[in-house]
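Reading the structure
Listed below are the residues making up each chain.
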Amino acid sequence: MKAGGSILILGCFDTKSEEYSFLYNCIEAEGESIIAMNTGVMQSDVKFPIRFDADVVAREAGFSLSDLRKKGDRGHAVTVMGKGAAKIVAALMKENKIKGAIAMGGGGGTYIAITAMQEIALGIPKICLSTMTGKDLSGLIGSRDIILFPSIVDMAGLNSISRLLIKQAAASICSISNVSAEEASKTKGRIAISMFGNTSACVNLCTELLKSKGYEVFPFHANGIGGRTMEALISERYFNAVLDITTTELADDLCGGICSAGPSRMDAAANLGIPQVVVPGCLDMVNFGRVETVPSHYKNRELYSWSPEVTLMRTNEEENKILGERLVQKVRKSLTPVVILIPVKGVSQIDIEGGVFHRPEVDKVLFETIKANSIGKIPVVEVDAHINDAMFATRLVSTLLEIIEKN
C-alpha cells in the first residue's frame, strides 16, 4: 500500500458493474488503497468491497434508497445521489482520506461524479472517464481541476477500446496521485492578478515588480472561468492580496457576454477582508463570439473583431454608469482597506489615443460614477497614465504593498 491516502472510486455500480470491477482491479494492481462509493440506485452485483453503498449516499442527501426506487424519477435520483456523494466526499476531505478520485459514466454518472468532485481541493487529482466530453461541461465543472477522459465508446460493457481507456485512466490517477507538491520557496505571500490580452503589459510588469519584492504571483485570465476560479481560490483563503486589474467580467455579466464570471465576481476578497487594489480594466468592452453570434439588439453597436472567434462591443455611457456603480458596490463591502486606481488615459490596449475603442467622453462617465459613489467610503486615485503604461503598473504595486504592510 502506498502512503498518503486512498484513491476514491465513485460511480453507478448498478449499471456499470463490469466496467467498475475492471477499474477497481486495475487500481488495486498498482498497490493503491481504495475507497469505493456506489451512487447507483438499483441493485449492484460487484464483488469488490464498497465503503459507501448507495443507501448511505441517499441518506446523506435526506432520502431513502427505497423511496428513490419507488419514485422512478431518474433526474431526481441523479440530483439526490450527487448531493449525497458530495457530502461524503467533503467529510473524507476533512479527514485527509483522499489523494485522488476517479469516476466513469454517461450523462447521469458524469453529473454525479463532477458534483461530488466539487468538494475535492485544488491539486488533488480528479478524473472522469465520460461519454459527455464533447459537450460544454464548463458550467458543471466550474473552477475545479477535473480531468475529462473521452470514453470514445459508450460505457455499456467491456470491449477492446473501453478496456484500454479504463486501464489508461486507472494508470493516470495512480500516477498523478503520487506526485508530491513542489516545495515552494519562501515568499512574503501570494497575490492574485486578473488579466486580459488588453492588459497584459500592465500585468506582466506588476508581476515582475511583485516577484522582485518577494511575492508569488498568480495570474487569472478574465474570461469567465478564470474569474470564477480566482474567486473560488480567494474564498479558500489561498491568497494574501488581490490586484484586480481586469474587471471586464462585470461588463460581460451586465450585457450577456461570453466572459461573464457571474454576479458574485469581486465578492470573495471583500467578504473575507483580503487586501486589494481594484482597476476598471477593460470595462470599455463586452466579449462575444464570432460576429454572427452577437445578439441582434447589439448589431448596430460599435463592434471590433479581436480575432475570428472573438468580437468586442464598446460599452456606452449608460452601461459605464451602471458598471461604475457596481464596481464600487462590490468593494464597499470590504472588511479591509481597498483602493481604486483609475488610468485616466484609457482602460485597455485599444482604449488609447488613436485606438479603436478610445472614447474619452464614455470613459469619463465611468470614472465620474466611480468617484461619486466612492466619496467618503473608498479611496479613488486617478493616475494620468494609460493602463499599460509602466508608471501605472508601478503605482499599482506600490499602493498594494502599502495596504498589505498596514494590514
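Up top you'll find the structure we're talking about.
Just so you know, these numbers come straight off a predicted model, no measurement behind them.

Scanning the chain for helices and strands turns up 14 helices and 14 strands. In terms of overall dimensions, the chain has a C-alpha envelope of 70 × 50 × 40 Å along the principal axes. Among the 407 residues that make up the chain, the fraction classed as buried is 53%. Sequence-distant contacts in the chain: of pairs separated by 6 or more residues, those separated by 24 or more amount to 73%. As displayed, the chain has an accessible area near 18,100 Å², and 52% of this comes from carbon and sulfur atoms. The chain carries 43 positive and 46 negative side-chain charges, and their two centres are separated by 5 Å.

A separate point is the sheet that holds strand β12 (residues 310–314). Strand order in the open sheet formed by three strands is β10-β12-β11, and the pairing between neighbours is antiparallel. Both outer strands of the open sheet, β10 (285–288) and β11 (303–307), are each paired with one neighbouring strand and no more. The mean angle between the axes of side-by-side strands here comes to 30°, regardless of whether they run parallel or antiparallel. In this structure, β11 lies alongside β12, joined through four bridges in antiparallel fashion. Counted as the bridge partner of Ser307 is Val310 from β12.

Let's shift gears to the pairing of strand β2 (residues 34–38). Burial of β2 is extensive: five of the five residues sit out of reach of the surface. Alignment of strand β1 (residues 6–11) against β2, held across five bridges, turns out to be parallel. Directly across from Ile9, in β2, lies its bridge partner Ala36. Once you follow β1 into helix α1 (residues 17–29) and on to β2, the crossover reads as right-handed.

Taking strand neighbours across the sheet as the criterion, the six strands line up as β7-β6-β8-β9-β13-β14 in an open arrangement whose pairing is parallel. A strand with exactly one partner marks an edge of an open sheet, and here the two such strands are β7 (215–221) and β14 (380–383). Adjacent strand axes in the sheet meet at a mean angle of 20°, parallel and antiparallel pairs treated alike. The sheet contact formed by strand β13 (residues 338–343) and β14 spans four bridges and is parallel. Note on β14: the bridge partner recorded for Leu341 is Val381.

The next point concerns the layout of surface pockets. One number sums up the size of the largest pocket: a volume of about 360 Å³. In terms of lining residues, the largest pocket is bounded by 23 residues, among which Cys12, Asp14, Val41, Arg74 and Val78 are the most central. Secondary structure elements with two or more residues in the lining of the largest pocket: α3 (65–71), α4 (74–94), β3 (98–105) and α5 (107–117).

A complete count under the given rule lists nine aromatic pairs for this structure. Over the ring of Phe22 we find Arg163, and its NZ or CZ is 5.0 Å from the ring centre. Lying across the ring of Tyr238, Arg190 places its NZ or CZ 3.9 Å from the centre.

Right, let's talk about unusual backbone geometry for a bit. One non-glycine residue, Arg237, lies in positive phi territory at about 60°. The backbone of Cys282 sits at a positive phi, close to 60°, despite the residue not being glycine. Along the chain, Cys282 turns up in the loop between β9 (276–278) and β10.

Close contact between α1 and helix α7 (residues 160–177) brings their axes to 9 Å; oriented N to C, the two are set at 40°. Taken together, the axes of α1 and α7 lie oblique to each other. α7 is crossed by α1, and the crossing has right-handed handedness. In this structure, α1 uses Glu19, Phe22, Leu23, Cys26 and Ile27 to contact α7, whose residues at the interface are Arg163, Ile166, Lys167, Ala170, Ile173 and Cys174. Broken down by class, the residue content of the contact of α1 with α7 amounts to eight nonpolar, no polar and three charged.

Put simply, helix α12 (residues 317–332) and helix α13 (residues 360–374) touch, their axes get as near as 8 Å, and they point 30° apart. Judged on the interaxial angle alone, α13 and α12 are roughly parallel. Like other packed secondary-structure pairs, α12 and α13 cross with a definite hand, here right-handed. From α12, Glu317, Asn320, Lys321, Leu323, Gly324, Glu325, Val328 and Arg332 reach across to α13, where they touch Glu361, Val362, Val365, Leu366, Thr369, Ile370, Asn373 and Ser374.

Definitions and cut-offs
Residues numbered from 1 in each chain as written. Predicted model: local features only at pLDDT ≥ 70, side-chain atom pairs only at ≥ 80, totals over all residues. Heavy atoms only, no water. Helix = DSSP H or I, 4+ residues; strand = E, 2+ residues; numbered from the N terminus. Buried < 20%, exposed > 50% of the residue type's maximum accessible area, 1.4 Å probe, protein only. Contact = heavy atoms within 4.5 Å. Areas by Shrake-Rupley, 256 points an atom, 1.4 Å probe, with all protein chains shown as cover. Lys, Arg positive; Asp, Glu negative; His and termini not counted. Charge placed at Lys NZ, Arg CZ, Asp CG, Glu CD. Pairing = 2+ DSSP bridges. Axes fitted to C-alpha atoms, helices over the stretch in contact; angles between N-to-C directions. Right-handed = clockwise from strand over helix to strand, strands pointing away. 1 Å grid on protein atoms, 1.4 Å probe; cavity = no way out; pocket = protein on both sides within 12 Å on 5 of 7 lines; lining within 4 Å. Points joined across faces, edges and corners; volume = space filled by probe spheres on them. Phe/Tyr/Trp six-rings, centres within 6.5 Å; stacked < 30°, edge-to-face > 60°. Lys NZ or Arg CZ within 6 Å of the ring centre and 35° of its normal. Parallel < 35°, antiparallel > 145°, perpendicular 65-115°, else oblique. Left-handed = near helix turned anticlockwise from the far one by under 90°. Nonpolar A, V, L, I, M, F, W, Y, C, P; charged D, E, K, R; others polar.

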